[in-house]
Amino acid sequence: MRIRNVVQLHTVNRLQAFGWPLVIMAISLTITLIIGALVLNVAGSMGESDLADARDGMSMGMQWNGAIFALLGPLIGFGFIAMGQYFPLALGLGLTRREFTAGTALVFVGNAAFYASIVTVGKVIEVATGGFGLGIRFFDVVYTGMGEWWQTLIQTFLLILSVMLIGAAITTAFHRWGQSFLWVFWIALAAVVLAFVAAIMLSEPFQDVVGAVARMDWGWWMLVVAAMGTVGAGVWLALVRRAQAR
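Residues numbered from 1 in each chain as written. Predicted model: local features only at pLDDT ≥ 70, side-chain atom pairs only at ≥ 80, totals over all residues. Heavy atoms only, no water.

K.L.:
Explain the overall build of the chain to me, using residue names and the numbers behind them.
P.N.:
Across its full length, the chain carries 11 helices and 0 strands. Sequence-ordered secondary structure for the chain, helices as α and strands as β, is α-α-α-α-α-α-α-α-α-α-α. For the chain, the spread of C-alpha atoms along the principal axes amounts to about 70 × 50 × 30 Å. Buried residues in the chain amount to 37% of all 246 residues. Within the chain, residue pairs in contact and separated by at least 24 positions form 77% of the contacts whose partners lie at least 6 positions apart. Total accessible area on the chain is roughly 13,300 Å²; 72% of this is exposed by carbon and sulfur atoms. Of the side-chain charges in the chain, 13 are positive and 11 negative, and the distance between the mean point of each set is 29 Å. (Helix = DSSP H or I, 4+ residues; strand = E, 2+ residues; numbered from the N terminus. Buried < 20%, exposed > 50% of the residue type's maximum accessible area, 1.4 Å probe, protein only. Contact = heavy atoms within 4.5 Å. Areas by Shrake-Rupley, 256 points an atom, 1.4 Å probe, with all protein chains shown as cover. Lys, Arg positive; Asp, Glu negative; His and termini not counted. Charge placed at Lys NZ, Arg CZ, Asp CG, Glu CD.)

This is how it looks when you write it as structure tokens:
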């Protein structure tokens, strides 16, 4: 099987495959550091107690800091790009669907492992330096795991891999059924979101259920993420055999 050719197809543009996600992450981290420095500078001019409060406040408030999606965002879109851009090209170059699927799955796993390692190293440095000396959070956030370093590694790996597989599944369904699938998908998604919001607002028992789910242990959440990725992988593998290159 020409799996190596598929891997090269995905990674031939080094800047797109590896460069831009890291550059965008570095820019986002720099902006976060500048904001943290400005906050501490203003707080420091008011007194030591205000400086300590500002540092603690940033550390607490930035638990939900979404700046890390400057890195995760492009990776989330990689599953869509793999099937939307490279799938037709691969078939045109004479690669089989089996070869493309195997090679693309290998690239997905490699990407997830590579970038999860970067996030984990960044998290270890951030924690060891007290938020890079400023009390800020960039890597050590809810989305990538706020526990031990190995939890961040596992969580980030599963998150990146799962969203790439789901993205590939959605794009493959578009190749299979065309524009009609997109209409059905977005209408169904909107209906689910509206029903969820309405249930949250109107049903106290449903609120209790959502609260219980939100309080699940880390391990259970990882099983949920892994299950979503497994479903995405199953749909992708089932549809790619009959998907048309568009």
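K.L.:
Pulling in residues and values, what's your account of unusual backbone geometry?
P.N.:
Of note in the backbone geometry, Phe132 takes a positive phi value of approximately 55° without being a glycine. With respect to the secondary-structure elements, Phe132 resides in helix α7 (residues 131-135).

K.L.:
So what's going on with the environment of Pro21? Which residues, and what values?
P.N.:
Mapped onto the elements, Pro21 comes out in helix α2 (residues 14-44). Overall, the relative accessible area of 5% leaves Pro21 in the buried class. Taking the C-alpha atoms as reference points, Pro21 and Gln8, 13 residues apart in sequence, are found 18 Å from one another. Those residues in contact with Pro21 that sit more than four places away from it in its chain are Leu15, Gln16, Ala70, Leu71, Pro74 and Tyr115.

K.L.:
Can you tell me about the packing of aromatic side chains, naming the residues and giving the values?
P.N.:
Enumeration according to the criterion identifies 12 aromatic pairs in this entry. Ring plane angle 90° and centroid distance 5.7 Å describe the contact between Trp150 and Trp218, whose orientation is recorded as edge-to-face. Highlighted residues: Trp150 in helix α8 (residues 149-177) and Trp218 in helix α11 (residues 218-239), separated in sequence by 68 residues. An angle of 80° between the planes, with centres 5.6 Å apart, marks the rings of Phe196 and Phe206 as edge-to-face. One end of the pair, Phe196, is in helix α9 (residues 179-202); the other, Phe206, is in helix α10 (residues 204-214), with 10 residues separating them in the sequence. Look at Phe196 and you get partly exposed, because its relative accessible area is 42%. (Phe/Tyr/Trp six-rings, centres within 6.5 Å; stacked < 30°, edge-to-face > 60°.)

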